[in-house]
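Coordinate inspection notes
Next come the chains, spelled out residue by residue.
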Amino acid sequence: MLRRLLELRGHVPALVTLDEALARIDSHACDRLLIDTQLVPSTPLEGTSVIALTSALRRTAEPACRAAGIATCLSKPVLAAELWAALDD
């Protein structure tokens, strides 16, 4: 469902592993990254806009997100309006 929402807004989503996502960030092959909070790397992410998705309460996931350099954390199921707002930031 998330893929379809992104496609409706003209985005081209790709489902990749964390290593592939980090490689895409390093090579500037993507401008946005949606990542599950269970996959947040221990080193800060830089150079791209990262949106974390969590099944936990947002307030419990936000500290780990901030430590990884992730400014936006959305709770699952993601509401379309929240996703659009995060992507427009």
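Throughout this document, residue positions are counted from 1 along each chain, in the order its sequence is written. Only residues with pLDDT of at least 70 are given local features in this predicted model, and only at 80 or more are side-chain atom pairs given and counted; all residues enter the totals for whole chains, interfaces and linings. Hydrogen atoms and water are omitted, and side-chain values are computed over all heavy atoms in the structure.

1. Focus: the nonpolar core
What counts, and what does not: The term nonpolar core refers to a set of buried residues drawn from Ala, Val, Leu, Ile, Met, Phe, Trp, Tyr and Cys, joined through side-chain atoms within 4.5 Å. Note on exposure labels: buried denotes an accessible area under 20% of the residue type's maximum, exposed denotes more than 50%, and partly exposed covers the range between, all computed with a 1.4 Å probe on protein chains only. Counting from the N terminus, the helices are the DSSP runs of H or I reaching at least four residues and the strands are the DSSP runs of E reaching at least two.
Ala21, Ile25, Leu33, Ile35, Val50, Ala52, Ala61, Cys65, Ala68, Ile70 and Cys73 form the largest nonpolar core, which has eleven residues in total. Secondary-structure elements contributing two or more residues to this core are helix H2 (18-26), strand S1 (32-36), strand S2 (49-54) and helix H3 (58-67). Grouped together as the second largest cluster of nonpolar side chains are ten residues, Leu5, Leu6, Ile51 and Val78 included.

2. Examining the confidence of the model for the chain
Applied cut-off: pLDDT: the predictor's confidence for each residue, scored from 0 to 100.
Residues at a pLDDT of 70 or more form 89% of the chain, whose mean pLDDT is 81. By mean pLDDT, the top-scoring element of the chain is helix H4 (residues 80-88) (90), and the lowest-scoring one is H3 (76).

3. Here we look at the sheet that holds S1
Rules: Pairing between two strands requires that DSSP report at least two bridges joining them. In this description, a line fitted to the C-alpha atoms serves as the axis of each element, helices being fitted only across the stretch in contact, and the angle between N-to-C directions of two axes falls anywhere from 0 to 180 degrees. Residue contacts are defined here by distance: any two heavy atoms, one from each residue, within 4.5 Å place the two residues in contact.
The three strands lie next to each other as S1-S2-S3, forming an open sheet whose pairing is parallel. Looking along the sheet, the strands with just one partner apiece sit at the ends: S1 and strand S3 (72-75). The mean inter-strand angle of the sheet, taken between neighbouring strand axes irrespective of direction, is 25°. Here S2 pairs with S3 via four bridges, running parallel. Counterpart to Ala52 in the pairing with S3 is Cys73. Against the sheet, H4 touches S1, S2 and S3, its axis set at about 170° to S3.

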